[in-house]
Amino acid sequence: MKKVLILLIIFMVFVVMMASAKADNFNCLVEALYHEARSESLLGMLSVANVILTRKESSTFPNTICKVVHQGKYWKGNPVRDKCHFSYWCDGRPERFTDIAGLIKSINVAEMSLKGIQVRQTVGSTHYHASYVTPRWASNPYFKSLGQIGNHIFYIDTTP
């Protein structure tokens, strides 16, 4: 019962916050962190957040957090399964928050990253993937691995 009440309170805070574009982008960052990295360490989650924010600032990617994390191929307004930059967005499953501790951690990491906190090892990285997969782009010689943190390997794009 206590868990449900906490989740309801967090949901209500999100609904109230959705009134501005800034809040929408915060919510998108929390959503991405929760679904992509909630089981990671603080450094792992911060590294994922840093990738998202680095993309947002790059002219190669969309200029808002929401557009960055929802980037992919769409058909009739819906994301095409397995054709998104962030796998959670088009994996065919609904984006639900069922892990309260993971959600709270995601909120805290989103706040930290938006305040400028970065992980030195992954500064400048624009890509990452889980260590148990090898996407085609990872073999591109322009992508240089910055190393692994937790279950994710981080890359910087050195394309001229």
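Not measured: the values here are computed from a predicted model.

Reading guide: rules and limits
Sequence order as written defines the numbering, with residues in each chain counted from 1. Note on the predicted model: pLDDT of at least 70 is required for a residue's local features to be given, and 80 or more for side-chain atom pairs to be given and counted; whole-chain, interface and lining totals, by contrast, use all residues. Values reported for side chains reflect all heavy atoms of the structure, with hydrogen atoms and water molecules removed beforehand. Side-chain rings of Phe, Tyr and Trp, where Trp is taken by its six-membered ring, are said to pair if the distance between their centres is within 6.5 Å; with planes under 30 degrees apart they count as stacked, over 60 as edge-to-face, and otherwise as tilted. A run of H or I in DSSP counts as a helix once it spans at least four residues, and a run of E counts as a strand once it spans at least two, with each numbered from the N terminus. Any two strands with at least two DSSP-identified bridges between them are counted as paired. Note on terminology: disulfide denotes any pair of cysteine sulfur atoms within 2.5 Å. Relative accessibility decides the category of a residue: with a 1.4 Å probe and only protein chains considered, values under 20% of the type maximum give buried, values over 50% give exposed, and everything between is partly exposed. The predictor reports its confidence for every residue as pLDDT, a score running from 0 up to 100. Throughout, a contact is declared for two residues whenever any of their heavy atoms are within 4.5 Å. Nonpolar core, defined: a set of buried Ala, Val, Leu, Ile, Met, Phe, Trp, Tyr and Cys residues in which side-chain atoms within 4.5 Å join the residues together.

J.: Sorry if this is basic, but what is going on with the packing of aromatic side chains here?
T.: Aromatic ring pairs: the centre-centre distance and the angle between the two ring planes describe each pair. As enumerated under the stated definition, the model contains 6 aromatic pairs in all. Between tyrosine 88 and tryptophan 89 the ring centres are 6.3 Å apart and the planes differ by 70 degrees, which places this aromatic pair in the edge-to-face class. Relative to tyrosine 155, the ring of tryptophan 137 has its centre 5.0 Å away and its plane inclined at 80 degrees; by these criteria the two rings are edge-to-face. In this pair, tryptophan 137 sits in the loop between strand 3 (127-130) and strand 4 (143-149) while tyrosine 155 sits in strand 5 (residues 152-157), placing the two residues 18 residues apart along the sequence.

J.: Whenever I open this one, the pairing of strand 4 confuses me. Can you help?
T.: On a regular strand, one side chain projects to one face of the sheet and the next to the other, so that they alternate. The pairing of strand 4 with strand 5 spans 6 bridges and is classified as antiparallel. Looking at strand 5, one finds that phenylalanine 143 is bridged to aspartate 157. Hairpin connection, strand 4 to strand 5: the antiparallel pair is bridged by 2 residues, and glycine 150 has positive phi, about 60 degrees.

J.: What should I look at first to understand the state of the cysteines in this one?
T.: Here, disulfide denotes a covalent bond that connects the sulfur atoms of two cysteines. The final tally for this structure, using the stated rule, is 1 disulfide. Through a disulfide, cysteine 28 is tied to cysteine 66; the S-S separation comes to 2.0 Å. On the sign convention where negative means left-handed, the S-S torsion of about 95 degrees between cysteine 28 and cysteine 66 marks this disulfide as right-handed. One end of the pair, cysteine 28, is in helix 2 (residues 21-37); the other, cysteine 66, is in helix 4 (residues 65-69), and 38 residues separate them in sequence. Here cysteine 28 and cysteine 66 have matching classes, each one buried.

J.: Help me out: how do you make sense of the confidence of the model for the protein chain in this one?
T.: Low-pLDDT portions of the prediction should not be read for the details of their coordinates. Mean pLDDT over the protein chain: 88, with 86% of residues reaching 70 or higher. By mean pLDDT, helix 1 (residues 2-17) is the weakest element of the protein chain at 59, and helix 3 (residues 42-57) is the strongest at 97. Every residue in residues 16-20 scores below 50 in pLDDT, and together they form 6 contacts with partners more than four places removed in sequence or on other chains.

J.: I would appreciate a short explanation of the nonpolar core in the present structure.
T.: Soluble globular proteins tend to bury their nonpolar side chains together. Leu29, Leu33, Val48, Ile52, Val69 and Phe86 are the most contacted members of the largest nonpolar core, which totals 29 residues. Residue assignment for this core shows that the elements contributing at least two residues are helix 2, helix 3, helix 4 and helix 5 (100-114). The element best represented in this core is helix 2, accounting for 8 residues. Not counting residues within four places of it along the chain, the set of residues in contact with valine 48 comprises Leu33, Glu36, Ala37, Tyr128, His152 and Phe154.

J.: I'm lost on unusual backbone geometry in this one. Help?
T.: In terms of backbone geometry, most residues other than glycine have negative phi values and most peptide bonds are trans. Of note in the backbone geometry, lysine 76 takes a positive phi value of approximately 55 degrees without being a glycine. Here lysine 76 shows up in the loop between strand 1 (72-75) and strand 2 (78-84).

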